[in-house]
Amino acid sequence: MTTAEELVSDYKLLKVALGAFGLDDDINSKFFVEKVLSEGTLDDDALANKLTDTRYFKLAEAFGFGNFDTPNTVLSDFPDKIISAYQEKQFQIAVGNQNENMRLALNLDAELAELVEKDTTDNGRWYSIMGNEALRTVFETALGLPSSVSSLDLDQQLSIFRDKAEQYFHESEVSQFSDPAKREELVKLFLIRSELNSGTTGTSAASNALALLTGSF
């Protein structure tokens, strides 16, 4: 396929394309999807650049229909990349149907690695985390913060997130999570606290592991 119109006209191809970016629910929004794809990402006025959900930008950028005379779909490695992304996302969804916390943990690595590469300030990265429901849930849980913290002034929230990150990871900057080992530590802390919060583990191995990871409980 070489056009957005061709893609949205083929249900099976569209299902895989959308599924690769976690946009499965848009399968029936063909006009909208075609517009996102056909306008590409290079023009500031392109629809993908106006939507707050960055998944649409990634979709349009990956296919390249609106960016180049020859789209990315003709590249030899393009199908494998999309199929691999589709399989990964569907695995996350399947895991999430069984355990939402595991889905969040699986999703964290890619999202956080991408976030730390953003050309912005570290405060900007923290604001992105606070505005992303999945990332915020992971950080709030891992750092032992109540959900009610979201009702505070943004600057207060920023200060709290920074202070807690410093307490548990010895650094307050989001950029520290460019280190895969730091992301792994965050995931472990999130999963352990999630189990403790659910009341399924009491003060068993999970609480002992939490104490070892954080140096305090």
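Residues numbered from 1 in each chain as written. Predicted model: local features only at pLDDT ≥ 70, side-chain atom pairs only at ≥ 80, totals over all residues. Heavy atoms only, no water.

Colleague: Please explain the packing of helix α7 (residues 100-116) against helix α11 (residues 180-198) as it appears in this structure.
Modeller: Pairs of packed helices are described in terms of their axes, by the angle between the two and the distance that separates them. Remark: α7 packs on α11, axes separated minimally by 10 Å, with the N-to-C direction vectors making an angle of 155 degrees. Classified by the interaxial angle, the pair formed by α7 and α11 is roughly antiparallel. Here α7 and α11 pass one another in a crossing that is right-handed. Contacts between α7 and α11 pair N101, M102, L104, A105, L108, D109, L112 and A113 from the former with R183, L186, V187, F190, L191 and S194 from the latter. Class assignment of the residues belonging to the contact of α7 with α11 gives a composition of 10 nonpolar, 2 polar and 2 charged. (Axes fitted to C-alpha atoms, helices over the stretch in contact; angles between N-to-C directions. Helix = DSSP H or I, 4+ residues; strand = E, 2+ residues; numbered from the N terminus. Parallel < 35°, antiparallel > 145°, perpendicular 65-115°, else oblique. Left-handed = near helix turned anticlockwise from the far one by under 90°. Contact = heavy atoms within 4.5 Å. Nonpolar A, V, L, I, M, F, W, Y, C, P; charged D, E, K, R; others polar.)

Colleague: Please explain the pattern of salt bridges as it appears in this structure.
Modeller: Summed over all chains, the structure comprises 10 salt bridges. Residue R162 is joined to E173 by a salt bridge in which the shortest nitrogen-to-oxygen separation is 2.7 Å. Here E173 lies in the loop between α10 (154-169) and α11 and R162 lies in helix α10, a separation of 11 residues in the sequence. A relative accessible area of 30% means that E173 is categorised as partly exposed. A salt bridge links E171 to K182; its shortest N-O distance comes to 3.2 Å. One end of the pair, E171, is in the loop between α10 and α11; the other, K182, is in helix α11, with 11 residues separating them in the sequence. By relative accessible area, K182 is classed as buried at 14%. (Salt bridge = Lys/Arg side-chain N within 4 Å of Asp/Glu carboxyl O. Buried < 20%, exposed > 50% of the residue type's maximum accessible area, 1.4 Å probe, protein only.)

Colleague: Just checking my understanding: could you explain the confidence of the model for the protein chain for this structure?
Modeller: Reading fine detail from the predicted coordinates is not recommended where pLDDT is low. Across the protein chain, the average pLDDT comes to 86, with 89% of residues at 70 or higher. Here helix α12 (residues 205-214) is the element of the protein chain with the lowest mean pLDDT, 48, and helix α3 (residues 30-39) is the one with the highest, 96. (pLDDT = per-residue confidence, 0-100.)

Colleague: How do you make sense of the layout of surface pockets when you look at a structure like this?
Modeller: It is a probe the size of a water molecule, rolled over the atoms, that shows where empty space is left. Taken as a whole, the largest pocket encloses approximately 1,300 Å³ of empty space. Contributing to the lining of the largest pocket are 33 residues, with T54, R55, K58, K89 and E111 lying nearest its centre. Going through the elements one at a time, α5 (54-63), α6 (78-98), α7, α8 (122-131) and α9 (133-142) are the ones with two or more residues in the lining of the largest pocket. Classifying every residue of the lining of the largest pocket by side-chain character gives 11 nonpolar, 8 polar and 14 charged. Roughly 190 Å³ of volume is contained in the second largest pocket. For the second largest pocket, the full set of lining residues is M1, L7, K12, L13, V16, A17, F63, T73, F78, P79, I82 and I83. Each residue belonging to the lining of the second largest pocket can be placed in one class, and the counts come to 10 nonpolar, 1 polar and 1 charged. (1 Å grid on protein atoms, 1.4 Å probe; cavity = no way out; pocket = protein on both sides within 12 Å on 5 of 7 lines; lining within 4 Å. Points joined across faces, edges and corners; volume = space filled by probe spheres on them.)

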